[in-house]
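Results of the structural survey
Below, each chain spelled out in residue letters.
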There are 2 protein chains.
Amino acid sequence: MSRAPQNASSSGLLRRINAVSVLDFAWANDVFTATEAMDATGLTRSTVISRCAELIELGWMREVERAPEPAGKGRPARLYQLRADAGYVVGVDAGQHRVLATVSDLRGAEVGRQEHPVDRAHDNASDRLAVTDTTIDEALAAAGVDPARVLGIAVGVPALTDAQGATPPGPNTFWARMNPGFAEHFRDRGWHVTVENDANLAAHAERALGAGRDVGSFAALLSGERFGAGIVVDGALVRGSYGGAGEMRLLDYVVGVGSPHGLGSLARIWGREAHESGALPADSALGALPTSAIDAPAVFAAAAAGDVGAIALVDRLADRLARVCAVIDGMLDVDRIVVAGGVAPVVGDLLRRTATILDGMVHPPAPELVASSFGADAVIVGASTLALERVRTDALDLALGVVD
Amino acid sequence: MSRAPQNASSSGLLRRINAVSVLDFAWANDVFTATEAMDATGLTRSTVISRCAELIELGWMREVERAPEPAGKGRPARLYQLRADAGYVVGVDAGQHRVLATVSDLRGAEVGRQEHPVDRAHDNASDRLAVTDTTIDEALAAAGVDPARVLGIAVGVPALTDAQGATPPGPNTFWARMNPGFAEHFRDRGWHVTVENDANLAAHAERALGAGRDVGSFAALLSGERFGAGIVVDGALVRGSYGGAGEMRLLDYVVGVGSPHGLGSLARIWGREAHESGALPADSALGALPTSAIDAPAVFAAAAAGDVGAIALVDRLADRLARVCAVIDGMLDVDRIVVAGGVAPVVGDLLRRTATILDGMVHPPAPELVASSFGADAVIVGASTLALERVRTDALDLALGVVD
DNA sequence: GGCATTAAATCTAACGCTTGCATAAAATTG
DNA sequence: CAATTTTATGCAAGCGTTAGATTTAATGCC
């Protein structure tokens, strides 16, 4: 009977644990001294310095020359720093009508971005992969980043995906078109790939950097053409086997809702209906527009300007949104609901009206309603955030492409 | 600047990690040899034996005399075993109308049980605490277990609870009555306490021992007087800040549902309505019963016997249940829905009818519908399971009361 | 400029824990 | 009883840590 051979001390387990502690500290801070790391990690100076040396050797950190300026009393400390340029992550928002890609460094700072439309004529699997490749390559070129230094990529798609990033086969050809095998495609390029539903990525963005930072449970409600929620409960994203948690197919069965239409499409549809049926008051600024110009921004802008007809539409939207929120809260007991997507910047008034209605619908305390600060970038921010988190999680298992 | 002093080797971290590995192996197996533990943990024989010695010293394990029987070829191995009687956990199902308590050993085997009703006259905080204490003490006495050897207790209540086991204050006096400060009360007895919503405990039971073992995501739907679900997604219970995930307050807003009534109460209410309105066919066995004898078991039994009137009721229940399941699945994309509670043993037929309706309501694949095998014990099994899991998680931090 | 002061880095010994190997023990088989 | 097999034990070596003494590099004061 042969057992796997081991190094001393359980395969250097302790050494590894301590290296992770130090690297985590480096990630959470900018320039730091050994003493600061000692306080944060509880390790000895010897250990901290030894782990730092190892991390420098591996390419994750560097020692920086001390700024000539400050200087305290005693011997000046050596300064360490995470090498933000030791590697990069790619985030992709592969939406129905356009593909957006960003390149970010290890600190999450965006260093390159590119976008290309996907028109109806090219809405097929191979074209979608090709345009995505082009978009990524151009974003990398714009950032001046060698593709070999990409440590991970996350792709957001308007489709269900399983834990491996595959979209389950089924009658829904839309999903299959939206996710034409991204996972396998990018794995072939040698990258660590995550493919995730767009609403779930919006939730990741809020959790890491947005309105989800200070609460245990919240829902990020993408509210453009269709409602779709990414749900974080107890600090973790609720996915389900196919990432379909929060897909809100159940809205068909909710009284006063009945469809998955989001705020953007409802504002447009109802606005045009009101316009054509002559239901708008005579002095309505909305009424003066051509029908085809009526869309969500126009409706919200008119309402903000005091247009009575538009305000009636917003009230109607508030009722709809309140019901959607009541369903989410009734099912998941979230502390906050973050309205995300392209409409987020203009829904302030709507949310105030919605909150009043919601108070009467749910068991107190009602979830807090806030607008996302990411606007149309929620998905792409979530993608790069998630890619970066994956890199951080198993940083010590990754070989950095180039070390100088 | 003073830093907390440390032992060598990071506070014995490695030693601890290895001890946990060995103890976990002991928990997962019955009698075992050092060689078996070596294979499972990847540790050396010296290390395994040394950790076993430590665990025996601490009281968690024992060395057992080798059975004279089997014997292989070489030197016979020493045999180790978890001491199932090293400590005990108490599970409590503190329901509205009765309190049930069990005592289980470290392997989860029930060694004592007691039950007491809570009638309306004693439905107040102090009486509820008193009858619970009595029930537990009698269960311990029946098991012959010294209360000092209790390592943890979990209490299931029909109320929301936060992570500390407290029920949030609010207008709902029912919840406050159902959870009259159990957490603090039992902490005063020196026990590690968990207080958790009953539906969530049912979900824990299914996850650990029941129909949730082989799927990543499922809902345990308590279906007696009121619907209430405990939800497990990606292997973890979805709680929310107050454990209210799955509380299903949203049923009020679902088309064709409109109330939180569960299968038990609906069968009774609809059955009696049909009886009194003369809607039951002349040859219905159900119709021959006095109105007050019509309840869920009677309805299901009659339907199983072919009673046309009862079958119509079951069909109506199936429609209601399908809508509830569609809502859960639409929101959470679960792989399976486990119908639990007292009605579980008799809902086989109902679930088959429900599955057909559900197929037409949700996006495929529809969640699988199964009946819980725990019947009315789902909550108490979940309570003892959860208490035991908590003990396992921080076993090495617990001092065993008595070591001989 | 010399010198005390301060704080960080470095060096060394000791320690805890694990591994690996040699050796001993306890059984079976021929 | 000897050979074989398997496990247990004892011991040296090594890793990685901690603790503490020593050295180094700065400042400030005389």
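Scroll up a little and you will see the structure.
Below is a short write-up of the structure. (Residues numbered from 1 in each chain as written. Chains lettered and ligands numbered in written order. Predicted model: local features only at pLDDT ≥ 70, side-chain atom pairs only at ≥ 80, totals over all residues. Heavy atoms only, no water.)

The operation relating chain B to chain A is a screw motion whose rotation component is 180 degrees, with 0.0 Å of axial translation and a residual RMSD of 0.2 Å. Interpreted geometrically, this transformation is the action of a two-fold axis. It is valine 254 of chain B whose C-alpha, among those of chain B, lies nearest the rotation axis, at 2.3 Å. Here 100% of the contact residues of chain B are again contact residues in chain A; the copies associate through an equivalent surface. (Least-squares fit on C-alpha atoms with pLDDT ≥ 70 in both. Contact = heavy atoms within 4.5 Å.)

Counting from both sides, the interface comprises 50 residues of chain B and, opposite them, 51 residues of chain A. Summing both sides of the interface, chain B and chain A together bury roughly 4,200 Å²; the carbon and sulfur share of this comes to 59%. Put simply, chain B and chain A have two salt bridges between them. Ionic pairing is found between arginine 249 of chain A and aspartate 329 of chain B, a salt bridge with its closest N-O pair at 3.4 Å. Scanning the region where chain B abuts chain A turns up 20 residue pairs in polar contact (both at pLDDT 80 or more). Contributing elements (two or more residues each) for the side of chain B that touches chain A: α1 (8-28), α2 (34-41), β10 (228-233), β11 (236-238) and α11 (308-332) of chain B. By residue number, the principal contributor to the side of chain B that touches chain A is α11 of chain B, which donates seven residues. A per-class count over the side of chain B that touches chain A returns 26 nonpolar, 15 polar and nine charged. (Buried area = accessible area lost by both parts, 1.4 Å probe. Salt bridge = Lys/Arg side-chain N within 4 Å of Asp/Glu carboxyl O. Polar contact = N/O pair within 3.5 Å; in protein donor to acceptor, adjacent residues only side chain to side chain. Helix = DSSP H or I, 4+ residues; strand = E, 2+ residues; numbered from the N terminus. Nonpolar A, V, L, I, M, F, W, Y, C, P; charged D, E, K, R; others polar.)

Time to look at the environment of serine 292 of chain B. For serine 292 of chain B, the position within the fold is in the loop between α9 (285-288) and α10 (296-304). When the C-alpha positions of serine 292 of chain B and glycine 271 of chain B are compared, they lie 10 Å apart, and in sequence the two are 21 residues distant.

We now examine the sheet that holds strand β12 (residues 336-340) of chain A. All names here are of chain A. With respect to topology, five strands assemble into an open sheet ordered β11-β10-β9-β12-β13, the strand pairing being mixed. Edge strands, defined here as strands with exactly one partner in the open sheet, are β11 (236-238) and β13 (368-371). Adjacent strand axes in the sheet meet at a mean angle of 25 degrees when their direction is disregarded. With respect to the sheet, helix α11 (residues 308-332) is in contact with β9 (218-222), β10 (228-233), β12 and β13, its orientation differing from that of β9 by roughly 145 degrees. (Pairing = 2+ DSSP bridges. Axes fitted to C-alpha atoms, helices over the stretch in contact; angles between N-to-C directions.)

One non-glycine residue, aspartate 234 of chain A, adopts positive backbone phi at about 55 degrees. Secondary-structure assignment places aspartate 234 of chain A in the loop between β10 and β11. Look at aspartate 234 of chain A and you get partly exposed, because its relative accessible area is 40%. Phi at aspartate 333 of chain B is positive, roughly 55 degrees, even though this residue is not glycine. By secondary structure assignment, the location of aspartate 333 of chain B is in the loop between α11 and β12 (336-340). (Buried < 20%, exposed > 50% of the residue type's maximum accessible area, 1.4 Å probe, protein only.)

Let us look at the nonpolar core. Ranked by internal contacts, the top residues of the largest apolar core, which has 106 residues, are Met248, Ile328 and Leu332 of chain A together with Ile328 and Leu332 of chain B. When residues no more than four places from it in sequence are discounted, the contact partners of isoleucine 328 of chain B are Met331 of chain A together with Ala219, Leu221, Ala229, Met248, Asp333, Val334 and Ile337 of chain B. (Core = buried A, V, L, I, M, F, W, Y, C linked by side-chain atoms within 4.5 Å.)

All names here are of chain B. Over its twelve residues, helix α12 (residues 348-359) runs 17 Å from end to end, which matches the ideal 16 Å to within 8%, given 1.5 Å per residue. Turning to α12, its buried residues are Leu350, Leu351, Thr354 and Leu358. Relative to the axis of α12, the buried residues are bounded by an arc of 95 degrees and lie together on one face. Away from the buried face of α12 by more than 90 degrees, exposed residues Arg352, Thr356 and Asp359 are located. Where the residues of α12 are buried, they touch α8 (263-276), α10, α11, β12 and β13 (368-371). (Expected span 1.5 Å × (residues − 1). Arc of directions from axis to C-beta.)

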